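# Structure assessment
Residue-level listing of the chains:
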Protein chains: 2
Amino acid sequence: MATGSGQDSPTINDVARRADVSVATVSRALRGLPNVAPSTRARVVEAAATLEYVIDPTASRLAGGRSHTVGLVVPMLGQWFHSQIFTGVEGVVGAAGYDVLPFTMSGPGGVARFIDSPPFRKRVDGLVVADAPLGNEQFEVVMAAGVTTVTLGVLVDGVAGLAVDNTAAARLAVGHLTGLGHTRIALIGGVDDDPFRFSVPVDRFRGYQEALKAAELTYDPELAVPGNFSLDGGAEAMHRLLALSDPPTAVFACSDEMAIGAMQVARDAGVRVPEEMSIIGIDDHDVSEYVGLTTIRQDVVGQGERAATLLLEQLGPDAPAPTHEIHPIRLVVRRTTGAPAPHTGKRG
Amino acid sequence: MATGSGQDSPTINDVARRADVSVATVSRALRGLPNVAPSTRARVVEAAATLEYVIDPTASRLAGGRSHTVGLVVPMLGQWFHSQIFTGVEGVVGAAGYDVLPFTMSGPGGVARFIDSPPFRKRVDGLVVADAPLGNEQFEVVMAAGVTTVTLGVLVDGVAGLAVDNTAAARLAVGHLTGLGHTRIALIGGVDDDPFRFSVPVDRFRGYQEALKAAELTYDPELAVPGNFSLDGGAEAMHRLLALSDPPTAVFACSDEMAIGAMQVARDAGVRVPEEMSIIGIDDHDVSEYVGLTTIRQDVVGQGERAATLLLEQLGPDAPAPTHEIHPIRLVVRRTTGAPAPHTGKRG
DNA sequence: CCTCGGCATGCAAGCGCTTGCAGTCGAGGC
DNA sequence: GCCTCGACTGCAAGCGCTTGCATGCCGAGG
C-alpha cells in the first residue's frame, strides 16, 4: 500500500539469511569494518549483490545517528553563483557518499524564518553555509543547532570557512578604472536596507572607497546605488545613474549579473560601452566571456569543492581546528572597460 | 560524541511526559490527525513549543514508511535551465513540507551509473525527472525502482509529465526566420552522439525541418551542427558555420545559451548581428533580455512548479490518472533577428 | 439501571539498521 | 592437559517515531 514503493526490496535480514550470517555481520561486512573474516565478507558482498540489496539510509541513520547528508544553505539556488557552488559541493561530498540537501532562504519569511526554525535541524551531519546574508548574531543561532558548519563567502569567528578578499577585489576593480583615468566612478552594490549587515557588499563598498582614496578621488554618495545582485537590479541602478546631472564615466558592479543588466541599459540609452561608459563586474559569470565583460574572476565551483572538502574534514575522526581560507581573485580585462572619453560632457 | 549534534534535543517522549499523555497521542496531535480532543491537542502543542521539540524526520520516516522527500533528477544543476526548475519545484513541495533532494547525472559514469544503481532508491517518495536524457528503455529502469514519478521536458507513456511542444517551438523559431526572408538557416542542436535518443533535440530538429519544408527550402545537412546546449558548444558551432563556403544568414539555436555563445563568435568574427546574421534561441534565459536575444519563451520556473504540483497529486490519497500536459511557448522578438542582407537590393 | 456505540487515549509491536557485549573456537603458553 | 588470548561472530537492545488494536469513558437508547 505504501505510495511510491514497488515490491518489497530486500532488507539486511534477507542478506544475512542468504549469506548465512547474522545481520550484525552483514552490517559490518558491507561497511568495511574490521574484524570480519575475508571469506565471510566475500560471501556477504555476493549475497547483497545477487539480491540487489540497497541499504536503507533511513534505518541506518536512525540507528547510527548520522545522516550522511550535508546541507547547503544558499539564498536561492536559481542564481548562477549559488548553482555553481552546489555543483562544487555536490561533486565532492557525493563522491564521499553523502547526499546534499539544499536549503534556500527565499520565499515568505526568508531569512527570518530561517533563523526562527532552522529547517536543517535533525537532517544533516554538516552544513555549508554559502553566501548567506547572516550577521554574526544570526550565525550564533544557526550554530546553536549544533551542526558542524563551514562557511563560504563569509568568514565567521570560530567557524571554518573560506572566502575571497572582497575588499581587495573591489580595490582591484576600481583601481583598474582609476588606472584608466576615470574620475567619476559609480558603485552598484548590495541591498542598502540589509538588516543583517551582510558583509560581502559592505566589504566591497569599503574597497571601492579605498580605491577612490588611493587615487585621490572623493567619494560621492550619489554614485553609490543598490543593485540587489540581480540583472534587474543592475538595470535599475544604471537608470538611476544615467539620470544624474553629472553621470559617471565608469561603473563598478558588485556582481557580473548586475553589470550585465547595467550594461544593457546604458547601451539602450545610446551610451556606448566602453567608449562612453566603462563597466566592470565581479564573479566571471559564464556569460561574461560572451558579452565581453571585464570582471574580477573567482573560481566559484572550486570554492564549493573546497568548502565541501573542509566540511568533510570537520566531520571526520580527527577534525582539524577550524581555519579560514582566502581564495584568489584575478582581474580579467575584456571589452567593457577603457579610458574615459577625452572630453567629459554630453553623450551623443 | 556524535559529530554534528549538540545537546540532546527533546524527543517525542519528553513532549508526552510534559503534556501528560502518551507518545501516540503526541504523534497524532502534532500531525493534526482526527480523534484528538481539542484540549489535549492544545496541551501537546504547547508542550512541544516550550520544549522546542522538532520531530526527527528519520525516525518518522522509518516508522511511517514515507520520507517526505522528493527527488529532482536533472542533468546538472549548474545549468540555468535546471536551477530554475529546482526553484519552481522547491517552492511548491517545500510549502507542502517536503524536502527536495537533487540528483545530477554529471560526473563519472553519468547517465549509465544513474541507470545501474539509481541513487534515489530508498530515499524519496516521489521524483521529478527533468530534462533527463533518457530514452524510454532507460526510463523503464528508473520506474522499476517503483517511485512515483513526474517528468518535465520529456513525455513518457504511462508517466505523468509536462513539456512544451518542442517541434512546434522549433517551427515557430525557424518560421520567424523564413518569414523574414532567410533561405540559408542553420541549426545548432543537441549532442549528435546521444546514445539515448533524448527526444528534446530530436523534436526540435524535426520542427526545424518541417519549417524549412513549409517555406519550400531544402534541408542542407551541412547547416545542422551540434552545440551541446552550452555556451561553449554554441560558440564552437558558430565557428564551424562561419567556416563554411556558403555560411548561413540565420541561425536557430536550440537553447539561449548556445545562441549567446554563437552570437559572440559571430560578432568577434566581424559578422554583424542581426544585419548579417540573425540568431534566435529557445528558453528566454535570464540574460537573453539583456543581450537582446530573440527567442522562444517558455516559463521554466512555472513548469517546475507545475511538475511539483502534479507529483504532489500523485503522492496524495486519491491520485488522478497520470496525464500529459503541454505548456505554452511564445515568440519574443528582440534585436538579434532581422531580414537577411540585401543581396538583391531589398533594404539598406 | 444496563447495554451499546463512539470517541479519545494508551499499549506495544514494529520500521531496518548499528553496536556494546558476550560467546565460540583454535592456537600458543605454562 | 588446562588456561589465556585474540579473532570472529552472534545476541539483543535500542534509535524515535507510527499505527493497529485494546481499553476506558460517556451519553443515549432499551
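Predicted, not measured: the structure shown is a model, and the values here were computed from it. (Residues numbered from 1 in each chain as written. Chains lettered and ligands numbered in written order. Predicted model: local features only at pLDDT ≥ 70, side-chain atom pairs only at ≥ 80, totals over all residues. Heavy atoms only, no water.)

Residues and elements named next belong to chain B. Spatially, six strands are ordered β7-β6-β8-β9-β10-β12 in an open sheet, and the strand pairing comes out mixed. Sheet topology places β7 (224-226) and β12 (330-332) at the edges, where each strand pairs with a single neighbour. Across the sheet, the axes of successive neighbouring strands diverge by a mean angle of 20 degrees, strand direction being ignored. Inspection of the sheet shows strand β9 (residues 278-283) paired to strand β10 (residues 294-297) by four bridges, in the parallel sense. Residue D283 lies in a different strand from β10, and its bridge partner there is R297. (Pairing = 2+ DSSP bridges. Helix = DSSP H or I, 4+ residues; strand = E, 2+ residues; numbered from the N terminus. Axes fitted to C-alpha atoms, helices over the stretch in contact; angles between N-to-C directions.)

Turning our attention to the interface of chain A and chain B. Note: interface size is frequently given as the accessible area lost on complex formation between the parts. With 52 residues of chain A at the contact, the number on the chain B side is 51 residues. Taken over both partners, the interface formed by chain A and chain B buries close to 4400 Å², and the fraction arising from carbon and sulfur atoms is 56%. Where chain A packs against chain B, one counts three salt bridges. R335 of chain B is the salt-bridge partner of D268 of chain A, the closest N and O atoms lying 4.0 Å from each other. When residues of the side of chain A that touches chain B are traced back to their parent elements, those giving at least two are α4 (57-64), α5 (80-95), β2 (99-104), α10 (231-242), α11 (256-268), α12 (288-291) and α13 (300-315) of chain A. For the side of chain A that touches chain B, the class distribution of residues is 21 nonpolar, 17 polar and 14 charged. (Contact = heavy atoms within 4.5 Å. Buried area = accessible area lost by both parts, 1.4 Å probe. Salt bridge = Lys/Arg side-chain N within 4 Å of Asp/Glu carboxyl O. Nonpolar A, V, L, I, M, F, W, Y, C, P; charged D, E, K, R; others polar.)

So, on to the protein's contact with DNA strand D. Neighbouring residues of DNA strand D: 25 residues in total, closest T25 and T40 of chain A together with I12, S27 and Y53 of chain B. For DNA strand D, a phosphate oxygen lies 2.6 Å from a polar atom in the side chain of Y53 of chain B. Top element by residues in the surface near DNA strand D is helix α4 (residues 57-64) of chain B. It accounts for five residues. (Near = heavy atom within 4 Å. Polar contact = N/O pair within 3.5 Å; in protein donor to acceptor, adjacent residues only side chain to side chain.)

Moving on, we come to the nonpolar core. Formed by 90 residues in total, the largest nonpolar core has its most connected members in M238 and F252 of chain A together with F252 of chain B. When neighbours within four sequence positions are excluded, F252 of chain B is seen to be in contact with A170, A173, V174, L177, A186, L187, I188, R204, Y208, I280 and I282 of chain B. In terms of nonpolar packing, the next biggest core, distinct from the first, is built from 48 residues, L77 and L315 of chain A together with F81 and L310 of chain B among them. (Core = buried A, V, L, I, M, F, W, Y, C linked by side-chain atoms within 4.5 Å. Buried < 20%, exposed > 50% of the residue type's maximum accessible area, 1.4 Å probe, protein only.)

Structurally, chain A comprises domain 1 (12-55), domain 2 (69-164 + 300-327) and domain 3 (166-298). The distance between the C-alpha centroids of domain 1 of chain A and domain 2 of chain A comes to 35 Å. (Domains from an automatic or database assignment.)

On to the packing of aromatic side chains, then. This structure, assessed with the given rule, holds ten aromatic pairs over all chains. Plain terms: the ring middles of F114 of chain B and F120 of chain B are 6.0 Å apart, the flat faces sit at 50 degrees to each other, and that makes the pair tilted. The class for F120 of chain B is buried, based on a relative accessible area of 0%. Among the aromatic residues, ring-to-ring pairing joins F103, F114 and F120 of chain A into one connected group. (Phe/Tyr/Trp six-rings, centres within 6.5 Å; stacked < 30°, edge-to-face > 60°.)

With respect to spatial proximity, 25 residues lie near DNA strand C, and among them I12, S27 and Y53 of chain A together with T25 and T40 of chain B are the closest. The share of sugar and phosphate among atoms of DNA strand C within 4 Å of the protein is 69%. For DNA strand C, a phosphate oxygen lies 2.7 Å from a polar atom in the backbone of I12 of chain A. A distance of 2.7 Å is found between a phosphate oxygen of DNA strand C and a backbone nitrogen or oxygen belonging to A37 of chain B. Contributions of two or more residues to the surface near DNA strand C are made by α2 (23-30) and α4 of chain A together with α2 (23-30) and α4 of chain B. With five residues, α4 of chain A is the single largest residue contributor to the surface near DNA strand C. Looking at the surface near DNA strand C residue by residue, the classes come out as 13 nonpolar, eight polar and four charged.

Residues and elements named next belong to chain B. Running from amino to carboxyl end, helix α8 (residues 166-179) crosses helix α9 (residues 199-214) at an angle of 40 degrees, the nearest separation of the two axes being 7 Å. Classified by the interaxial angle, the pair formed by α8 and α9 is oblique. The crossing of α8 and α9 is right-handed. Facing α8, whose interface residues are N166, T167, A170, R171, V174, G175 and T178, α9 presents V200, D203, R204, R206, G207, Y208, E210, A211 and L212. Split by residue class, the contact of α8 with α9 holds six nonpolar, five polar and five charged. (Parallel < 35°, antiparallel > 145°, perpendicular 65-115°, else oblique. Left-handed = near helix turned anticlockwise from the far one by under 90°.)

Here we come to helix α1 (residues 12-19) of chain A. Residue and element names in this part refer to chain A. Of the positions making up α1, those classed as buried are V15, A16 and A19. Projected onto a plane normal to the axis of α1, the buried residues spread over an arc of 100 degrees and lie on a single side. The exposed residues of α1 that point more than 90 degrees off its buried face are R17 and R18. Where the residues of α1 are buried, they touch α2 and α3 (38-51). Positive phi shows up at D20, right after α1, with a value of about 60 degrees. (Arc of directions from axis to C-beta.)

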